[in-house]
Amino acid sequence: MARKKVNLAWIANNSTRRATLKKRSKGLVKKVSELSTLCDVKACLVVYEPQESLPVVWPSVHEAARLVARFRSMPEMEQSKKMMNQEGFLQQRVVKLQDQLRKNQRENREIQTTLLMYEGLAGRSLHNVGMEEVASLAWMLEMRMKMVQQRIEMLTAQMAEPSSHSTEASRQAVPPVAPLVQGPMPVMKEKTAMEAAMEALQTPNWFGDVMDPNGNMMHEMVQPYVDNTNPWLHPYYFSFN
C-alpha cells in the first residue's frame with residue numbers, strides 16, 4: 001500500500017507537532033548514520049528542539065565541531081556551491097512542478113489534436129476550429145506522414161534483403177566451370193622440309209593446284225571437257241560461212 005503524501009505545511013496542533021518532531025528526528029539521525037556508514041562520508045547532524053535546552057547532535061559534539069570548522073575554512077564560493085536552504089529547496093520543487101505541468105499540458109494538447117483529427121476524418125466540419133488547433137493538427141499530420149514514410153522504407157529494405165540473399169545463394173550453388181584445357185599449353189613444333197612436302201602430297205587438291213616437294217604452289221592448266229560423240233557440242237562441226 002502506497003504511503004499517503006504529506007502536506008508540507010506547519011502543523012497547527014501542538015501534540016501532533018511534538019510527536020512528528022520526535023519521530024522525524026529519530027528517522028533523520030538514522031538516515032545520516034546509514035549514509036555515513038554505507039558511503040564512508042563525513043557527516044554530522046544538529047537539531048534544535050523548541051522545548052529542549054540542548055540540541056540533538058550526531059555523532060558527537062566534538063566531531064560535529066570539527067566538521068563545522070572544516071566547512072568554515074573553505075572559500076565562500078565553495079561553501080555555497082552545493083548549499084541549500086528552505087527557500088532554495090522550495091524553488092527547486094517549484095521548477096520541478098512547472099516542468100511536470102508543461103509535460104501534462106503537452107500530452108493533453110496531443111490528445112485533443114488526435115481527437116480533432118479523427119473527427120475530421122469522420123466528416124466533421126473544421127470551420128469553427130481556432131488557428132492554434134489548426135496548427136497543432138497540421139503538425140500532427142506531418143509527423144504521422146513521416147512515420148508512415150519511415151515504415152514504408154523499412155519494409156522495402158526488409159523485402160529487398162531476402163532477394164539479395166537468394167541471388168547470392170544461387171550464385172554460390174552453381175559450380176565453377178572447369179577450363180577446357182588443363183595444364184600447360186602444348187608447344188607447336190616447327191616442321192621440317194620433308195614433313196611439309198609429305199603433308200602437301202597427302203592433301204587433296206580440288207582446283208588443279210599442285211605443290212612441289214619444297215612446298216611451293218604450282219598451277220596446272222585444267223583441260224576443258226569435250227564430248228566428241230555429240231555433234232552439237234563439237235567446236236568444229238559447224239562452219240560459220
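Placed above this text is the structure.
The rules we used
- Residues numbered from 1 in each chain as written.
- Predicted model: local features only at pLDDT ≥ 70, side-chain atom pairs only at ≥ 80, totals over all residues.
- Heavy atoms only, no water.
- Helix = DSSP H or I, 4+ residues; strand = E, 2+ residues; numbered from the N terminus.
- Areas by Shrake-Rupley, 256 points an atom, 1.4 Å probe, with all protein chains shown as cover.
- Buried < 20%, exposed > 50% of the residue type's maximum accessible area, 1.4 Å probe, protein only.
- Contact = heavy atoms within 4.5 Å.
- Expected span 1.5 Å × (residues − 1).
- Salt bridge = Lys/Arg side-chain N within 4 Å of Asp/Glu carboxyl O.

J.: Would you take a moment to explain the overall build of the protein chain for this structure?
T.: Looking only at helices and strands, the protein chain features six helices and four strands. For the protein chain, the N- to C-terminal ordering of α and β elements is α-β-β-α-α-α-α-α-β-β. Surface accessibility of the protein chain: about 22800 Å² in total, with carbon and sulfur atoms responsible for 60%.

J.: What's the story with the environment of Arg 109 in this structure? I'm lost.
T.: Within the secondary structure, Arg 109 sits in helix α4 (residues 86–121). Overall, the relative accessible area of 39% leaves Arg 109 in the partly exposed class. Here the alpha-carbon distance between Arg 109 and Ser 136, two residues 27 residues apart in the chain, equals 8.1 Å.

J.: For this particular structure, what's the right way to read the side chain of Ser 136?
T.: Locating Ser 136 in the fold gives a position in helix α5 (residues 131–173). Residue contacts for Ser 136: discarding those within four places in its chain leaves Arg 109 and Thr 113.

J.: Could you clarify how one ought to interpret α4 in this entry?
T.: The α-helix winds at 3.6 residues per turn, so residues separated by three or four positions along the chain end up facing the same way. Taking 1.5 Å per residue as the helical rise, α4 with its 36 residues ought to reach 52 Å, and the 53 Å between its terminal C-alpha atoms agrees with that figure. Listing the buried residues of α4 in full gives Thr 113, Thr 114, Leu 116 and Met 117. Immediately beyond the C-terminal end of α4, within one or two residues, lies Gly 123, with a positive phi of roughly 110°.

J.: So what exactly am I meant to see when it comes to the pattern of salt bridges here?
T.: Any two side chains of opposite charge can pair, given that their charged atoms come close. With the rule as written, the count across this model stands at three salt bridges. When the shortest N-O distance is used, the salt bridge between Glu 63 and Arg 66 registers 2.6 Å. Here Glu 63 and its partner Arg 66 are both found in helix α2 (residues 61–72), three residues apart, which amounts to about one turn of the helix. Among the ionic pairs, Lys 146 bridges to Glu 142, the shortest N-O distance being 3.8 Å. Here the residue Lys 146 and the residue Glu 142 both occupy positions in helix α5, the gap between them amounting to four residues, near one helical turn.

J.: Is there a simple way to explain unusual backbone geometry in this structure?
T.: Between Trp 58 and Pro 59 the backbone carries a cis peptide bond, its omega angle lying at 0°. You can see Pro 59 is positioned in the loop between β2 (56–58) and α2. Even without glycine at this site, Asp 40 takes up a positive phi of about 55°. Along the chain, Asp 40 falls in the loop between α1 (14–39) and β1 (45–47). Accessibility expressed as a relative area gives 69% for Asp 40, which makes it exposed.

The values are spatial; any link to function lies outside them.
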